[in-house]
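# Inside the fold
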Amino acid sequence: MALVHGEEATSQADDMVGGFTLLYHHVFSYMKPMALKCAVDLGIPDAIHRRGGAASLSDIAADAGVHAARLPQLRGLMKLLTTSGMFGANAAAADCDGEPLYTLTAASRLLVGPRGLRDIVRFQAGPVAIAPFFDMPAWLKASPEPAAASGAPQSLFELTHGRSRWDPANADDSAMHDAARAESRVLTDALLNNHGDIFHGLTSLVDVGGGHGSLAMAIAARFPGIKCTVMDLPHVVADAPVVADGNVQFVAGNMFESIPPADAVLLKYVLHCWSDHDCVRILRHCKDAIPARDDGGKVIATMMVLGSGLRGRNLAETEEMYSLFATCINGVGREEHEWKKIFHDAGFSDYRITPLMGPISVIEVFP
């Protein structure tokens, strides 16, 4: 019996150690985006890239303008980002001080150059985006109250900041649009290079909530036979660039009121921002704007479909974190069966899901 008791004690001790480790991992996990934002703000990914893809700690410090007295702290930053997979460390090619050479990984390469995704890091790890989650306990306990501006239930973001996420007065409004443009470039390349057949046969398209039209302009350039209209709120359209290409035009509008007619309506990262009821409202206006399926009518939506891919731990956590982030603006992360119900309730007959990049899919919805 002593052996059995010993095994039980060992098992309990192992459980305690494992539980303690997991708890601490969660408690300190906020350090990962903070460290990544610091590295981005210091220009470390670009510094490593300029050095040929490998750089010593002293090289990084010199290029990033880090004070010599802060080298131990910079080492700690790089060790965390290396352990978490954002950078690599080549100990076999250590410098004269025994420091490894830091290298780029597939993830940190996405942060390099003029098309890098640095603005996404700055936006998502910025104080305006993070602050609402400190108020989440109070928000969850409170009875939903309508926001003064919209009449919809007050979002977590509105509770904290006193205005909608889409209000141009937000301190990070510019950062939000910069992040959207950066992400749009990557998704546009993936969409047009790998799934361009989605646009075959179309002669017109409306990009709803299309901002300054980067995706619409790319579609028009790739498919000159498609006349593209970008619809967004008046203050967004007012700042839109002047486009020489006659195949792209901008119109101010509200997707909750009406959508201009076209063969297809494009919704890039729109529907996950809204409740089921609001998604149905938006999609009904989309359905009114497009012809029948036999005449080429469809809605093209890019968004996350939870649980739709091979769900390793990183992808599963990414999906659930993204879904929780969407709650900040009363948005919802949804599985396929939930999207299917929304499409049905909006009057659509069928849909097709195509994986696009990582957790993001493109969905064609047919009337």
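The structure we're discussing is the one just above.
The structure contained in this document is the topic of the report that follows. Quick caveat: nothing in here was measured; it's all calculated off a predicted structure. (Residues numbered from 1 in each chain as written. Predicted model: local features only at pLDDT ≥ 70, side-chain atom pairs only at ≥ 80, totals over all residues. Heavy atoms only, no water.)

A separate point is the pattern of salt bridges. Close approach of charged atoms lets side chains of opposite charge pair. Tallied over the entire structure, the rule returns 16 salt bridges. Note that glutamate 364 is salt-bridged to arginine 352, the shortest N-O span being 3.1 Å. With a gap of twelve residues between them, glutamate 364 in strand E11 (residues 360–366) and arginine 352 in strand E10 (residues 350–357) connect regions that are remote in the sequence. On the accessibility criterion, glutamate 364 (4% relative accessible area) is buried. Here arginine 352 falls in the partly exposed class, since its relative accessible area comes to 41%. Linked through salt bridges whose partners overlap, the residues forming this network are Lys37, Asp41, Asp119 and Arg122. (Salt bridge = Lys/Arg side-chain N within 4 Å of Asp/Glu carboxyl O. Helix = DSSP H or I, 4+ residues; strand = E, 2+ residues; numbered from the N terminus. Buried < 20%, exposed > 50% of the residue type's maximum accessible area, 1.4 Å probe, protein only.)

To continue, consider the nonpolar core. Judged by nonpolar contacts, the single largest core of 36 residues is most densely connected at Met255, Ile259, Val265, Leu267, Leu283, Val299 and Phe343. Among the elements of the structure, strand E4 (204–208), strand E7 (264–268), helix H14 (276–289), strand E8 (298–306), helix H16 (336–345) and E11 are those that each provide at least two residues to this core. Beyond its immediate sequence surroundings of up to four residues, valine 299 is in contact with Val265, Leu267, Leu283, Cys286, Ile290, Phe348, Ile363, Glu364 and Val365. (Core = buried A, V, L, I, M, F, W, Y, C linked by side-chain atoms within 4.5 Å. Contact = heavy atoms within 4.5 Å.)

Moving on: the packing of aromatic side chains. A full pass over the atoms with the stated rule returns seven aromatic pairs. Seen from their ring centres, phenylalanine 256 and tryptophan 274 are 4.9 Å apart, and the 80° between their planes marks the pair as edge-to-face. Of this pair, phenylalanine 256 sits in the loop between strand E6 (248–252) and E7 while tryptophan 274 sits in the loop between E7 and H14, placing them 18 residues apart in sequence. In this pair, the class of phenylalanine 256 matches that of tryptophan 274, namely buried. Between phenylalanine 343 and tyrosine 351, the ring centres sit 5.6 Å apart and the planes meet at 55°, which makes this aromatic pair tilted. Residue classification places phenylalanine 343 among the buried positions, given a relative accessible area of 2%. Accessibility expressed as a relative area gives 19% for tyrosine 351, which makes it buried. A network of ring pairs unites the aromatic residues Phe20, Tyr24 and Phe28 as a single cluster. Over the aromatic face of phenylalanine 366 sits the side chain of arginine 293, whose NZ or CZ is 3.9 Å from the ring centroid. Directly above the ring of tryptophan 339 sits arginine 334, whose terminal nitrogen or CZ lies 4.7 Å from the centroid. (Phe/Tyr/Trp six-rings, centres within 6.5 Å; stacked < 30°, edge-to-face > 60°. Lys NZ or Arg CZ within 6 Å of the ring centre and 35° of its normal.)

At their nearest, the axes of helix H2 (residues 31–42) and helix H5 (residues 71–83) sit 10 Å apart, and the two run at 120° to each other. The two elements H2 and H5 cross, and the hand of that crossing is left-handed. Between H2, through Met31, Lys32, Ala35, Leu36, Cys38 and Ala39, and H5, the contact on the second element is made entirely by Leu77, Leu80 and Leu81. Looking at the contact of H2 with H5 residue by residue, the class counts come to eight nonpolar, no polar and one charged. (Axes fitted to C-alpha atoms, helices over the stretch in contact; angles between N-to-C directions. Left-handed = near helix turned anticlockwise from the far one by under 90°. Nonpolar A, V, L, I, M, F, W, Y, C, P; charged D, E, K, R; others polar.)

Right, let's get into unusual backbone geometry. With a phi close to 55°, tyrosine 269 is a non-glycine residue in the positive phi region. On the secondary structure map, tyrosine 269 appears in the loop between E7 and H14. A relative accessible area of 14% places tyrosine 269 in the buried class. Non-glycine residue asparagine 330 carries a positive phi angle of around 65°. Relative to the assigned elements, asparagine 330 resides in the loop between helix H15 (313–326) and strand E9 (334–335).

The set of residues buried in helix H4 (residues 57–64) consists of Leu57, Ile60, Ala61 and Ala64. End-on view of H4: buried residues confined to an arc of 100°, all on one side of the axis. Looking at the buried residues of H4, the elements they touch are H2, helix H3 (44–50), strand E1 (54–55), H5 and strand E3 (101–104). Just past H4, the residue glycine 65 takes up positive phi, approximately 75°. (Arc of directions from axis to C-beta.)

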